[in-house]
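Each chain, letter by letter, is given below.
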Amino acid sequence: MKISYSWLKEYIDFNETPEQLGDILTQTGLEVEGIEKVEKIPGGLQGIVVGEVMSCEKHPNADKLKVTKVDIGADELSDIVCGAPNVAAGQKVLVATVNSTIYPTNGEPFKIKKAKIRGEVSEGMICAEDELGLGTSHDGIMVLDTDKLNGTPAIELFETGEDHVFEIGLTPNRGDATSHMGTARDLKAYFRKELQLPETKTFDITESNPVTIEIGNTEACPRYSGITIRGVEVKASPDWLQWKLRSIGLEPINNIVDITNYVCHAIGQPMHAFDADKIEGNKVLVKTLPNKTKFTTLDEKERELHEKDLMICNGKSEGMCIAGVFGGIRSSVTEATTDIFLESAYFSADWVRATAQRHSLSTDASFRYERGADPEMTVPAIKLATSLILEIAGGHAASEILDVYPEAIKKKEVDITFQNFHWIIGKELDSDLIIEILNWLDIKTENITKEGFKAIIPAYRSDVTRPADLVEEVLRIYGFNEVELDENFSADYLAEFNEYEPYRVQEDLTKFLAGNGYSEILTNSLTNPKYHEKFPLGGEPVEMLNPSSEELTIMKTSPVYTALESVAYNINRRNPNLKFFEFGRSYKKEDKEYKEAEWLSFYLTGNTVEENWLDEPRKNSFHDLSTAVVGMLKYAGIRKTEIIPSEKGTLYEYGVVIKKDGKMLGLLGKLKRELLSIYGIKQDVFHAQLDWNTVLSLYKSDVAYEPIPKFPEVKRDLSLVLDKGVPYSEIQKLAFKQEKKLLNRMNLFSVYEGDKIEKGKKAYAISFFLQDKFKTLTDKQIDKSMNALMNLYEKELNAVIRK
């Protein structure tokens with residue numbers, strides 16, 4: 001939400017700089033995410049001067065260009081090539097001088113340089129209004145009617161101005177702060193200064209020909225106010241109004257629509273203007289329409305209505321506006337409009353939110369209604385808007401303000417003790433200070449005793465419903481930083497926590513993987529239901545009640561679903577060599593409960609390196625991914641993992657299970673062709689998925705350093721012939737179990753299956769590295785260790801030792 005610094009000053013007097021005010025707003029609960037300087041004329045016309053065209057000749061090398069000499073107040077005339085059809089000698093013009101920067105209405109800023117255009121020198125640019133951000137016309141250059149001296153800065157001819165705009169990250173509960181007046185209310189309590197509310201002028205009713213109002217659904221619309229104004233002239237808004245809207249990022253449309261937008265952002269009440277001549281039956285009906293009724297909105301899109309969409313209809317029950325969300329094209333205000341009906345209503349937050357989500361719409365009106373508007377603001381908003389319309393667009397009021405309010409919304413009352421404040425804040429505040437702050441926040445206090453009081457909550461504070469909310473209101477104005485923490489602050493309860501903070505572990509492993517050539521991806525938690533239907537993974541999916549689209553209706557039961565979209569996206573754009581990893585979650589429904597799991601996933605596909613003159617490209621393999629995953633686990637302090645071949649399962653053509661001390665760490669394998677075909681992926685994709693919580697529980701960042709041993713390492717090779725079903729991991733496991741002291745590491749350097757050995761057998765060639773850190777090994781010690789290993793393999797694995 002954007003709030004203007006200058007606009008705020010119209011409601012409350014203060015001297016703080018934008019930066020200081022930003023800190024105050026953040027302290028009071030309206031977090032300022034950024035402050036942007038905005039200029040009425042972008043760039044402030046720096047480097048733009050008044051010039052006079054002294055001569056204008058046809059360009060010798062271009063039919064549509066002219067060569068001019070322009071007096072810009074310098075010692076010599078400037079040669080400028082111009083393509084405008086209306087340029088002529090004797091004109092006063094605006095010239096962008098060399099090295100100045102211009103800011104076009106449409107397009108990016110650019111710097112003016114001395115150049116040659118079709119062989120002719122050009123030292124500047126004679127500008128049209130859209131090229132300087134002064135308007136939208138590009139019919140020709142601006143011709144000035146001025147007696148200003150040549151070289152006069154253009155800024156002297158135009159009213160410039162600047163403002164600072166706060167970008168506020170408004171929380172969903174603060175519907176009261178969705179306007180400049182709402183924001184000023186917090187400053188009112190902080191500074192203890194009264195607000196200066198906008199003035200409304202009285203107006204006479206010169207005829208009585210009103211559009212009548214009937215509410216058919218008071219649950220969805222508790223209050224509806226309106227007025228008929230006739231004889232208006234729809235045209236561009238005055239400069240001050242356009243500047244106010246543009247400063248907060250709104251584009252002016254016409255004076256009527258601009259006034260409704262101004263009131264919305266000024267005091268927080270959404271409004272809508274209808275062309276009164278298009279209201280059939282001269283009657284407004286607030287009701288729902290049958291399911292699947294067609295309705296065309298202002299963006300000229302035809303939408304199908306839901307039976308729970310509240311509509312503003314005419315006397316024939318034809319839709320004119322989706323209540324609180326978006327207007328209709330048929331009843332909109334145009335330049336031909338002369339009579340209008342002005343709407344100011346209070347719609348139910350629940351109804352507006354549901355409708356906006358169903359139609360994937362987010363508008364200024366729905367933003368405010370969803371958070372809870374002020375039911376008492378409908379009539380004041382009508383008065384303010386009517387005063388402005390009569391002043392700016394002319395016309396006359398053709399009716400009284402009609403206000404249909406069948407049952408007034410009661411103000412909430414909350415009983416609270418002063419002890420509540422002391423207990424929750426952790427500091428004893430003076431009772432008078434508590435009452436003072438609440439009163440400045442427009443929260444009235446009654447029945448005040450030594451123990452407590454009754455708080456009367458204004459209607460616009462829909463978020464304040466209980467004692468804890470009142471404490472928060474006092475604390476955010478008093479100041480969280482004003483509550484000192486005791487040096488001996490303690491608690492009776494200590495929550496469980498990981499030895500290592502998860503986000504720091506994630507950062508650590510991210511850096512490691514990035515250093516190894518992997519790129520991190522971040523994908524949506526929602527996914528296309530067709531993936532789960534065609535290739536079910538992870539259990540029963542969690543379905544969304546109000547999906548934003550038909551392609552995002554379930555939460556992913558496996559990270560694979562969305563990650564493969566990223567893989568396919570890159571492959572389809574000729575980026576086939578991919579190394580991805582993702583920290584993500586999966587979601588499922590199980591035994592009527594919702595469960596989620598956290599994963600670290602890997603995706604490897606394509607070649608190991610891009611094609612180049614030095615290295616022959618090789619396709620990535622299962623072992624490339626296995627090396628990367630095991631390497632990362634070792635870096636994380638998770639060593640001596642077990643790699644166990646798994647049966648051909650749901651996900652993989654072939655794969656392994658990774659365990660540590662019997663605890664399941666994850667899976668690794670080659671993804672099935674049936675899964676990849678859903679995404680149109682034709683190349684192999686290798687995948688690994690680690691249980692993130694298990695990784696966290698085993699993670700160790702403490703690295704123990706020791707000097708390089710002084711005594712040499714000894715290598716001995718063995719060739720073993722074994723049954724084909726014996727995995728290398730079993731050989732490794734037995735070796736380290738037998739020779740715990742001297743065996744340093746092992747390396748498998750050859751695997752053979754063929755006609756030179758018995759059928760059903762497999763030959764492994766393995767290097768064993770032995771070392772004693774404290775002395776040089778003798779041949780006798782080495783032979784003893786190797787003989788023990790050979791005997792073990794012969795006994796446990798029925799191995800044949802090839803000598």
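Residues numbered from 1 in each chain as written. Predicted model: local features only at pLDDT ≥ 70, side-chain atom pairs only at ≥ 80, totals over all residues. Heavy atoms only, no water.

**Focus: the overall build of the chain**
Then, number 1: Counting its regular elements, the chain contains 19 helices and 42 strands.
Then, number 2: A compact globule built from 803 residues should have a C-alpha radius of gyration of about 28 Å, whereas the chain, at 38 Å, is more than 25% larger.
Then, number 3: Seen through its principal axes, the chain has C-alpha atoms that stretch 115 × 90 × 60 Å.
Then, number 4: A gap of 10 Å separates the mean positions of the 98 positive and 127 negative side-chain charges of the chain. (Helix = DSSP H or I, 4+ residues; strand = E, 2+ residues; numbered from the N terminus. Rg over C-alpha atoms; globule rule 2.2 N^0.38 Å. Lys, Arg positive; Asp, Glu negative; His and termini not counted. Charge placed at Lys NZ, Arg CZ, Asp CG, Glu CD.)

**Considering the sheet that holds strand β26 (residues 412-417)**
In any sheet, the strands associate via hydrogen bonds between backbone groups, in a parallel or an antiparallel arrangement.
Then, number 1: Judged by pairing direction, the sheet is antiparallel, and its three strands sit side by side in the order β26-β28-β27 without closing on themselves. This sheet does not close on itself; its edge strands, each paired only once, are β26 and β27 (444-446). Put simply, the sheet's adjacent strands are angled 30° from each other on average, direction ignored.
Then, number 2: The pairing of β26 with strand β28 (residues 452-457) spans six bridges and is antiparallel. For T417, the partnering residue across the bridge sits in β28 and is G452.
Then, number 3: Along the sheet, helix α11 (residues 467-478) makes contact with β26 and β28, crossing β26 at roughly 80°. (Pairing = 2+ DSSP bridges. Axes fitted to C-alpha atoms, helices over the stretch in contact; angles between N-to-C directions. Contact = heavy atoms within 4.5 Å.)

**Re the side chain of D176**
Then, number 1: Within the secondary structure layout, D176 lies in the loop between β13 (162-168) and α3 (180-191).
Then, number 2: Here the side chain of D176 touches R174 through a polar contact of 2.8 Å, side chain to side chain.
Then, number 3: Here D176 is in contact with G182, R185, Y460, R461 and D463, once residues within four sequence places are set aside. (Polar contact = N/O pair within 3.5 Å; in protein donor to acceptor, adjacent residues only side chain to side chain.)

**Quick word on the layout of surface pockets**
Then, number 1: Estimates place the volume of the second largest pocket at around 740 Å³.
Then, number 2: Every residue lining the second largest pocket is counted, 25 residues in all, and those nearest its centre are E39, K40, P42, G133 and R246.
Then, number 3: Looking at the lining of the second largest pocket, the elements with two or more residues in it are β2 (32-39) and α4 (239-247).
Then, number 4: Examining the composition of the lining of the second largest pocket, we find that five residues originate from one element, α4, more than from any other.
Then, number 5: Along the lines of polarity and charge, the residues of the lining of the second largest pocket split into ten nonpolar, seven polar and eight charged. (1 Å grid on protein atoms, 1.4 Å probe; cavity = no way out; pocket = protein on both sides within 12 Å on 5 of 7 lines; lining within 4 Å. Points joined across faces, edges and corners; volume = space filled by probe spheres on them. Nonpolar A, V, L, I, M, F, W, Y, C, P; charged D, E, K, R; others polar.)

**Re empty space enclosed by the protein**
Then, number 1: This structure, assessed with the given rule, holds four cavities of 30 Å³ or more.
Then, number 2: Roughly 110 Å³ of internal volume is contained in the largest cavity.
Then, number 3: What lines the largest cavity is a set of 13 residues, among which G175, D176, I267, G268 and D374 lie closest to the centre.
Then, number 4: Split by residue class, the lining of the largest cavity holds four nonpolar, six polar and three charged.

**A closer look at the pairing of strand β6 (residues 92-96)**
Then, number 1: Counting buried positions along β6 gives five out of five residues, so the element sits mostly inside the fold.
Then, number 2: What you see with β6 is no split at all: K92, L94 and A96 on one side and V93 and V95 on the other are buried throughout.
Then, number 3: Looking at chain direction, β6 and strand β12 (residues 143-144) are connected through two bridges and run antiparallel. Among the inter-strand pairings, K92 is bridged to a residue of β12, identified as L144. (Buried < 20%, exposed > 50% of the residue type's maximum accessible area, 1.4 Å probe, protein only.)

**Concerning the packing of aromatic side chains**
Then, number 1: According to the stated counting rule, one finds 19 aromatic pairs in the structure shown.
Then, number 2: The interplanar angle of 15° and the centroid separation of 6.3 Å between the aromatic rings of F14 and F191 together place this pair among those described as stacked. In this pair, F14 is assigned in the loop between α1 (5-9) and α2 (18-27) and F191 in helix α3, connecting sequence segments 177 residues apart.
Then, number 3: Its relative accessible area of 0% is what places F14 among the buried residues.
Then, number 4: Taken together, Y5, F14, F166, Y190 and F191 form an aromatic cluster joined through their ring pairs.
Then, number 5: One residue, R185, lies across the ring of Y460, its end atom 3.7 Å from the ring centre.
Then, number 6: The lysine or arginine in question, K244, covers the ring of W7, its NZ or CZ lying 5.4 Å from the ring centre. (Phe/Tyr/Trp six-rings, centres within 6.5 Å; stacked < 30°, edge-to-face > 60°. Lys NZ or Arg CZ within 6 Å of the ring centre and 35° of its normal.)

**Digging into unusual backbone geometry**
Then, number 1: Positive phi outside glycine occurs at K592, with the angle close to 65°.
Then, number 2: Relative to the assigned elements, K592 resides in the loop between β33 (578-590) and β34 (593-605).
Then, number 3: The residue D661 is not glycine, and still its phi comes out positive at about 55°.
Then, number 4: Structurally, D661 is set in the loop between β36 (652-660) and β37 (663-671).

**Details of the pattern of salt bridges**
Then, number 1: Considering all chains together, one arrives at 45 salt bridges under this definition.
Then, number 2: Here D469 ties to R466 by a salt bridge, and the two come within 3.4 Å at their closest N and O atoms.
Then, number 3: Owing to a relative accessible area of 9%, D469 belongs among the buried residues under this scheme.
Then, number 4: Since its relative accessible area comes to 49%, R466 is described here as partly exposed.
Then, number 5: Overlapping salt bridges bring together R174, D176, D186, R461, D463, E473 and R476 as one network. (Salt bridge = Lys/Arg side-chain N within 4 Å of Asp/Glu carboxyl O.)

**Thoughts on the pairing of β13**
Then, number 1: The buried count for β13 comes to five of seven residues, which makes it a mostly enclosed element.
Then, number 2: By the bridge criterion, three bridges tie strand β1 (residues 2-4) to β13 in an arrangement that is antiparallel. Residue pairing across strands places K2 opposite E167, the latter belonging to β13.
Then, number 3: Of the pairings in the sheet, the one linking β2 to β13 comprises seven bridges and is antiparallel in character. The residue of β13 that forms the bridge with K37 is H164.

**A look at the nonpolar core**
Then, number 1: Counting residues in hydrophobic clusters, the biggest one holds 51 residues, and the most contacted among them are L21, F166, I168, I256, V263, I267 and I389.
Then, number 2: Among the elements that make up this core, the one with the highest residue count is helix α8 (residues 378-392) (seven residues).
Then, number 3: Setting aside anything within four residues of it in sequence, one finds V263 in contact with G268, Q269, M271, A381, L384 and A385.
Then, number 4: Of all hydrophobic cores here, the second largest spans 34 residues; its members include A220, V286, C321 and F347. (Core = buried A, V, L, I, M, F, W, Y, C linked by side-chain atoms within 4.5 Å.)

**Quick notes on helix α14 (residues 560-571)**
Then, number 1: Here α14 spans 16 Å end to end across twelve residues, near enough to the 16 Å set by a 1.5 Å rise per residue.
Then, number 2: The complete set of buried residues in α14 reads V560, Y561, T562, A563, L564, V567 and A568. (Expected span 1.5 Å × (residues − 1).)

**What about the packing of α4 against helix α5 (residues 255-267)?**
Then, number 1: At their nearest, the axes of α4 and α5 sit 10 Å apart, and the two run at 50° to each other. Regarding the angle of α4 to α5, the classification is oblique. Judged by the sense of rotation from one axis to the other, the crossing of α4 with α5 is left-handed. From α4, W240, L241, K244 and L245 reach across to α5, where they touch D258, I259, N261 and Y262. (Parallel < 35°, antiparallel > 145°, perpendicular 65-115°, else oblique. Left-handed = near helix turned anticlockwise from the far one by under 90°.)

**Structural notes on the environment of K37**
Then, number 1: Mapped onto the elements of the fold, K37 is located in strand β2.
Then, number 2: The exposure class of K37 is partly exposed, given its relative accessible area of 48%.
Then, number 3: For the pair K37 and A408, spaced 371 residues apart in sequence, the C-alpha to C-alpha distance is 43 Å.
Then, number 4: Discounting residues that sit within four places of it in the chain, K37 has contacts with E162, D163 and H164.
Then, number 5: A distance of 3.2 Å separates a polar atom in the side chain of K37 from a polar atom in the side chain of E162.

**A few points about the sheet that holds strand β32 (residues 554-555)**
Then, number 1: On the basis of which strands lie adjacent, the open sheet formed by three strands has the order β30-β32-β31 and antiparallel pairing. Here the strands that pair on one side only, and so sit at the sheet edges, are β30 (526-527) and β31 (542-543).
Then, number 2: Across two bridges, β30 lies against β32 in antiparallel orientation. Bridge pairing in β32 links L526 to M555.

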